[in-house]
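# An overview of the molecular structure
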Amino acid sequence: MTVLTGAPLLPTYARFPVTFVDGEGCWLIAEDGKRYLDLVAGIAVVGLGHRHPAPLEAAQEQLERLWHVSNLYSTLPMEELATKLSGRFGGAHAFFGNSGSEAVEAAIKWARKVTGRAGLVALEGSFHGRTMGALSITGQPAKRAPFEPLVPGVRFATPETLAEAVGPDTAAIVLEPVQGEGGVRPLPAGTLELARALADEHGAMLVLDEVQSGLGRTGEFFAWQHSGVRPDAVTLAKGLANGLPIGALLVADEAPSGFVPGDHASTFGGNPVACAAACAVVDAIDAELLAHVRETGARLEAAFDNTRGAGLLLAIELGRPAMPVALEALEHGLLVGTAGETALRLTPPLTISAEETDLAIALLHEVLA
Ligand code: PLP
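None of these values were measured; they are calculated from a predicted model. (Residues numbered from 1 in each chain as written. Predicted model: local features only at pLDDT ≥ 70, side-chain atom pairs only at ≥ 80, totals over all residues. Heavy atoms only, no water.)

## As for the domain arrangement of the protein chain
What the domain assignment reports for the protein chain is domain 1 (20-52 + 287-368) and domain 2 (54-284). Its C-alpha centre places domain 1 at a distance of 25 Å from the equivalent point of domain 2. Opposite the 28 residues of domain 1 that make contact, domain 2 presents 25 residues. Of the roughly 2,200 Å² buried between domain 1 and domain 2 on both sides combined, carbon and sulfur atoms contribute 58%. (Domains from an automatic or database assignment. Contact = heavy atoms within 4.5 Å. Buried area = accessible area lost by both parts, 1.4 Å probe.)

Encoded structure:
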């Protein structure tokens with residue numbers, strides 16, 4: 001069903017049979033000139049749309065000035081981004097890496113350091129990344145099995161069994177407010193509140209993995225803001241620099257800071273170009289855009305049966321294999337993702353217009369007919 005290009009790439013991905021060369025807003029242009037309406041946005045990454053002028057200008061300006069100095073020195077974009085993210089969080093300190101997995105690794109190390117404990121509790125069905133630590137807390141056995149033994153001390157729970165899994169050895173409870181890769185499944189109501197109470201009771205850290213759900217994707221800057229449950233730490237990546245590689249761990253000011261020089265590091269973390277773009281992204285996620293995400297998400301949800309998710313992180317449950325449907329959508333000039341085996345995943349740019357939303361709905365109805 002999928003075509004390999006023949007390029008010397010290790011086959012870790014089964015790619016769709018298309019090669020893109022240009023992008024603009026919600027549109028991608030393939031080698032042959034064909035245009036595609038993009039409801040994937042690089043898997044919830046290109047939140048402002050392709051070539052959005054604000055991060056583009058910020059990155060271009062920084063490219064002309066300074067690319068890299070290492071974390072032995074400070075740069076203005078990194079300091080500015082940390083300050084902006086702290087403001088959005090309501091007081092936090094940042095560590096910057098280059099991906100979601102790295103943000104999760106930093107969170108695991110931080111939680112172990114500040115608690116002096118090894119235990120990690122995560123949910124079945126979760127996804128936290130492919131590096132060894134992040135994979136160890138990913139609640140999908142098939143993804144873990146070929147790479148065992150992994151990091152010890154991990155317990156998996158369901159929202160119903162969370163209380164049994166957390167104990168005096170727990171360093172952190174790590175949760176996605178909406179499970180993304182696991183099928184776009186919002187946590188059942190009350191789960192974040194329960195996790196907060198359990199973390200407080202046992203002296204564990206509550207870490208929310210907002211790599212996919214953060215940066216306005218669910219209609220709030222952080223998905224936890226829908227509940228008001230404040231985590232001790234949050235991980236961000238994907239949408240943070242609109243497509244340039246970046247990841248961040250934010251630790252709440254009231255949580256123990258834990259790290260001292262030498263505890264953790266990243267050569268490229270806090271790269272000035274990525275941070276400059278990210279500053280422009282954070283500024284662009286304002287009340288108007290968040291309202292647009294909520295409204296557009298509600299329109300998309302209402303247009304189909306069997307939907308789930310929040311804001312513009314949505315799944316349509318098909319009850320049959322989703323990949324052939326995604327391939328057919330491609331032929332109709334529409335990019336959709338999949339979530340698990342049987343659901344389509346829609347993560348369009350947050351900036352998708354009303355007309356583009358209408359077109360997406362019409363095309364998807366055609367494909368699903
Ligand atoms: N955490 C969550 C919730 C994710 O959805 C992902 C990626 O999909 C990751 C972590 C890993 O991010 P990355 O692929 O940037 O390492």
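## Some details on the sheet that holds strand β7 (residues 170-175)
If you trace the seven strands from one edge of the open sheet to the other, you get β4-β12-β11-β10-β7-β5-β6, paired in mixed fashion. Across the chains shown, the open sheet's two edge strands, defined by having one partner strand only, are β4 (92-97) and β6 (154-157). Shown here is a sheet whose adjacent strand axes are inclined to one another by a mean of 20°, direction ignored. Pairing of strand β5 (residues 119-123) with β6 involves four bridges; the strand directions are parallel. Across the sheet, residue V121 finds its bridge partner in β6, namely R155. Taken strand by strand, helix α8 (residues 191-202) contacts β7 and β10 (205-209), and its axis lies near 150° from that of β10. (Pairing = 2+ DSSP bridges. Helix = DSSP H or I, 4+ residues; strand = E, 2+ residues; numbered from the N terminus. Axes fitted to C-alpha atoms, helices over the stretch in contact; angles between N-to-C directions.)

## Looking at the layout of surface pockets
Reported here for the second largest pocket is a volume of approximately 650 Å³. Around the second largest pocket sit 25 residues that line it, and A94, F95, F96, F259 and H264 are the ones nearest its centre. Elements that contribute at least two residues to the lining of the second largest pocket include exactly α3 (76-89), β4 and β12 (247-252). In terms of residues, the lining of the second largest pocket owes the most to one element, β4, which gives four residues. Split by residue class, the lining of the second largest pocket holds 15 nonpolar, nine polar and one charged. (1 Å grid on protein atoms, 1.4 Å probe; cavity = no way out; pocket = protein on both sides within 12 Å on 5 of 7 lines; lining within 4 Å. Points joined across faces, edges and corners; volume = space filled by probe spheres on them. Nonpolar A, V, L, I, M, F, W, Y, C, P; charged D, E, K, R; others polar.)

## Quick notes on the environment of L318
Relative to the elements of secondary structure, L318 occurs in the loop between β14 (313-317) and α11 (323-331). A residue is classified by how much of its surface remains accessible, and L318, at 19% relative accessible area, is buried. Sequence separation between L318 and F95 is 223 residues; the distance between their C-alpha atoms is 39 Å. (Buried < 20%, exposed > 50% of the residue type's maximum accessible area, 1.4 Å probe, protein only.)

## A short note on the site of the ligand
By nearness alone, every residue bordering the ligand is listed as S99, G100, S101, F127, H128, G129, E176, E181, D209, V211, Q212 and K238. Between the ligand and G100, the relevant distance is 2.8 Å, taken from an oxygen atom to a main-chain nitrogen or oxygen of the residue. S101 has a polar side-chain atom sitting 2.6 Å from an oxygen atom of the ligand. Taken together, the residues of the shell around the ligand sort by class into two nonpolar, six polar and four charged. (Near = heavy atom within 4 Å. Polar contact = N/O pair within 3.5 Å; in protein donor to acceptor, adjacent residues only side chain to side chain.)

## Some thoughts on the packing of α3 against helix α9 (residues 272-284)
Two elements in contact, α3 and α9, have axes separated by 8 Å at closest approach and are oriented at 30°. If you check the angle between α3 and α9, you find them roughly parallel. Judged by the twist between their axes, the crossing of α3 over α9 is left-handed. Across from P77, M78, E80, L81, K84, L85 and R88 in α3, the residues of α9 making contact are P272, C275, A276, A278, C279, V282 and D283. Across the contact of α3 with α9, the residue classes break down as ten nonpolar, no polar and four charged. (Parallel < 35°, antiparallel > 145°, perpendicular 65-115°, else oblique. Left-handed = near helix turned anticlockwise from the far one by under 90°.)

## Some points on the packing of aromatic side chains
Note on aromatic pairs: each is described by the distance of the centres and the angle between the planes. Tallied over the entire structure, the rule returns five aromatic pairs. Consider the rings of F20 and Y36, whose centres lie 5.4 Å apart with planes at 85°: the pair is edge-to-face. Separated by 16 residues along the polypeptide, F20 in strand β1 (residues 20-24) and Y36 in strand β3 (residues 35-38) bring together distant segments of the chain. Owing to a relative accessible area of 30%, F20 belongs among the partly exposed residues under this scheme. What makes Y36 buried here is its relative accessible area of 6%. Taking 5.4 Å as the distance between ring centres and 65° as the angle between the ring planes, the aromatic pair formed by F89 and W224 counts as edge-to-face. One end of the pair, F89, is in helix α3; the other, W224, is in the loop between β10 and β11 (233-236), and 135 residues separate them in sequence. Comparing F89 with W224 shows no difference in burial state: the two are buried. (Phe/Tyr/Trp six-rings, centres within 6.5 Å; stacked < 30°, edge-to-face > 60°.)

## Overview of the pattern of salt bridges
As enumerated under the stated definition, the model contains twelve salt bridges in all. The salt bridge partner of K84 is E80, with a shortest N-O separation of 3.7 Å. Highlighted residues: K84 and E80, both in helix α3, separated by four residues, approximately one helical turn. Residue class for K84 comes out partly exposed when judged on its relative accessible area of 21%. As a salt-bridge pair, R155 and D169 come within 3.0 Å of each other at their nearest N and O atoms. Of this pair, R155 sits in strand β6 while D169 sits in the loop between α7 (162-165) and β7; the two residues are 14 residues apart in sequence, bridging distant segments of the chain. Taken together, the salt bridges that share partners define one network made up of E80, K84 and D283. (Salt bridge = Lys/Arg side-chain N within 4 Å of Asp/Glu carboxyl O.)

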